[in-house]
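What follows is the residue order along each chain.
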Amino acid sequence: MTYDDGHFGEEVARHYDESQAEMFRPELVERTVDVLASLAGEGRAVEFGIGTGRIALPLAARGVPVAGIELSRAMAGRLRAKPGGEDMAVSIGDFADTRVPGTFSLAYLLFNTVMNLTTQEAQVACFRNAADHLSPGGCFVVEVMVPELRKIPAGQTVVHFAFGPRHWAWSDYDVATQAQVCHYVDVADGRGEHRTTPFRYVWPAELDLMAQLAGLRLRSRWQDWDGRPFTSDSAKHVSVWEKPAA
């Protein structure tokens, strides 16, 4: 099967790290890696949607062998250009069905990337793929936002999430299909550029059912990487499902 770079081609990959600077904050990366390294233990880790290596590279530097799956060759190319990335095993393909050789004690899918799978069928397949990669006792970790439907007034569909003199972004929700289209507008040198990316938003309980269908069981759910409790007011969650040892 052949793949193109989807919505993460060279133009997006070139500026990805700078555009997502908030997610590259050293203290956030360190906390994330602390949790993942603890879950991986002495085993190997596989990242679904490895991107430019924001987490994979520092996790590997901790001594955890890391492999990855990435649909975008442009994003994988940015990873390979970084120190430590040239020898990292990256399989090009869709993480819903691409298989990396071997077994792992940890599979992880971060920063809302599960929503890049725009059908429920593909999201279910992703959980099954994660379970197939795990050794007994291994864990699958997903970090994803909680859908922001409470922010939408009756009769409207839009939630803005970024404002600035040169950058605007908003989500357009379809509650009948769980489709979420994110719009990004950037202005530079007097010219504006608009691009969109489709997502499928997903609820924590729905993810738990997907995990159950894949033979996984919920082990932990936190509001953030600091381990604060997940509540009805949490904007996102970090969830850990475990493959039974028996």
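Whatever comes next refers back to the structure up there.
Residues numbered from 1 in each chain as written. Predicted model: local features only at pLDDT ≥ 70, side-chain atom pairs only at ≥ 80, totals over all residues. Heavy atoms only, no water.

J.: Run through the nonpolar core, naming residues and quoting values.
T.: Core analysis: the biggest nonpolar cluster contains 40 residues, and F48, L109, F127, F140, V142, L216 and W241 have the highest contact counts within it. Counting residues per element, this core draws most heavily on helix α5 (residues 120-133), which supplies six residues. When neighbours within four sequence positions are excluded, F127 is seen to be in contact with F140, V142, L207, M210, A211, A214, L216 and W241. (Core = buried A, V, L, I, M, F, W, Y, C linked by side-chain atoms within 4.5 Å. Buried < 20%, exposed > 50% of the residue type's maximum accessible area, 1.4 Å probe, protein only. Helix = DSSP H or I, 4+ residues; strand = E, 2+ residues; numbered from the N terminus. Contact = heavy atoms within 4.5 Å.)

J.: Could you give an account of the packing of aromatic side chains, naming the residues involved and the relevant values?
T.: Across all of its chains, the model carries eight aromatic pairs by this definition. For the ring pair F127 and W241, a centre distance of 5.1 Å and an interplane angle of 75 degrees mean the geometry is edge-to-face. Of this pair, F127 sits in helix α5 while W241 sits in strand β11 (residues 236-242), and the two are 114 residues apart along the sequence. For F127, a relative accessible area of 0% corresponds to the buried category. The rings of F48, F95, F127, F140 and W241 are connected pair by pair, giving a single aromatic cluster. Against the face of Y184 rests R195, its NZ or CZ located 4.4 Å from the ring centre. (Phe/Tyr/Trp six-rings, centres within 6.5 Å; stacked < 30°, edge-to-face > 60°. Lys NZ or Arg CZ within 6 Å of the ring centre and 35° of its normal.)

J.: Summarise unusual backbone geometry; cite the residues concerned and give the values.
T.: Non-glycine residue F111 carries a positive phi angle of around 50 degrees. As for its placement among the helices and strands, F111 is situated in the loop between β4 (104-109) and α5. Of the residues examined, F111 reaches a relative accessible area of 24% and is grouped as partly exposed. With a phi close to 65 degrees, N112 is a non-glycine residue in the positive phi region. Structurally, N112 is set in the loop between β4 and α5.

J.: Describe the packing of helix α1 (residues 10-19) against helix α4 (residues 73-80), naming the residues involved and giving the relevant values.
T.: Viewed as axis vectors pointing N to C, α1 and α4 meet at an angle of 40 degrees, and their least axial separation amounts to 8 Å. If you check the angle between α1 and α4, you find them oblique. Crossing of α1 over α4 shows right-handed handedness. Here E10, A13, R14 and Y16 of α1 come into contact with α4, specifically with A74, M75 and R78. (Axes fitted to C-alpha atoms, helices over the stretch in contact; angles between N-to-C directions. Parallel < 35°, antiparallel > 145°, perpendicular 65-115°, else oblique. Left-handed = near helix turned anticlockwise from the far one by under 90°.)

J.: Got a sec to walk through the environment of Y184? Specific residues and values, please.
T.: Along the polypeptide, Y184 turns up in strand β8 (residues 179-188). Owing to a relative accessible area of 14%, Y184 belongs among the buried residues under this scheme. Y184 sits eleven residues away from R195 along the chain, and the two C-alpha atoms are 5.4 Å apart. Setting aside anything within four residues of it in sequence, one finds Y184 in contact with F161, H167, W168, A169, E193, H194, R195, T197 and F199.

J.: An account of the sheet that holds strand β5 (residues 134-145) is needed here, citing residue identities and associated values.
T.: Spatially, seven strands are ordered β3-β2-β1-β4-β5-β11-β10 in an open sheet, and the strand pairing comes out mixed. Taken across any chain shown, the strands that pair with only one partner, and hence form the sheet edges, are β3 (89-92) and β10 (217-222). Pairs of neighbouring strands in the sheet enclose a mean axial angle of 20 degrees, with direction left out of account. Strand direction decides the pairing type here: β4 and β5, joined by five bridges, are parallel. When the sheet's bridge partners are listed, L109 is paired in β5 with V142. Contacts from helix α2 (residues 26-40) reach β4, β5, β10 and β11, with the element oriented near 150 degrees to β4. Strands in contact with α5 are β1 (45-48), β2 (66-70), β4, β5 and β11; relative to β5, the strand with the most contacts, it is inclined by about 145 degrees. (Pairing = 2+ DSSP bridges.)

J.: Hey, could you go over the pattern of salt bridges for me, with residue numbers and the actual values?
T.: Under the defined criterion, the tally for this structure stands at 14 salt bridges. A salt bridge links D34 to R62; the shortest N-O distance between them is 2.6 Å. Here R62 lies in the loop between α3 (56-61) and β2 and D34 lies in helix α2, a separation of 28 residues in the sequence. Judged by relative accessible area, which is 43%, R62 ranks as partly exposed. Residues R219 and E242 are paired through a salt bridge, measuring 3.4 Å at the closest nitrogen-oxygen approach. With R219 in strand β10 and E242 in strand β11, the pair connects residues that are 23 residues apart, well separated along the chain. What you see here is one network of salt bridges that share partners, running through E22, R25 and E27. (Salt bridge = Lys/Arg side-chain N within 4 Å of Asp/Glu carboxyl O.)

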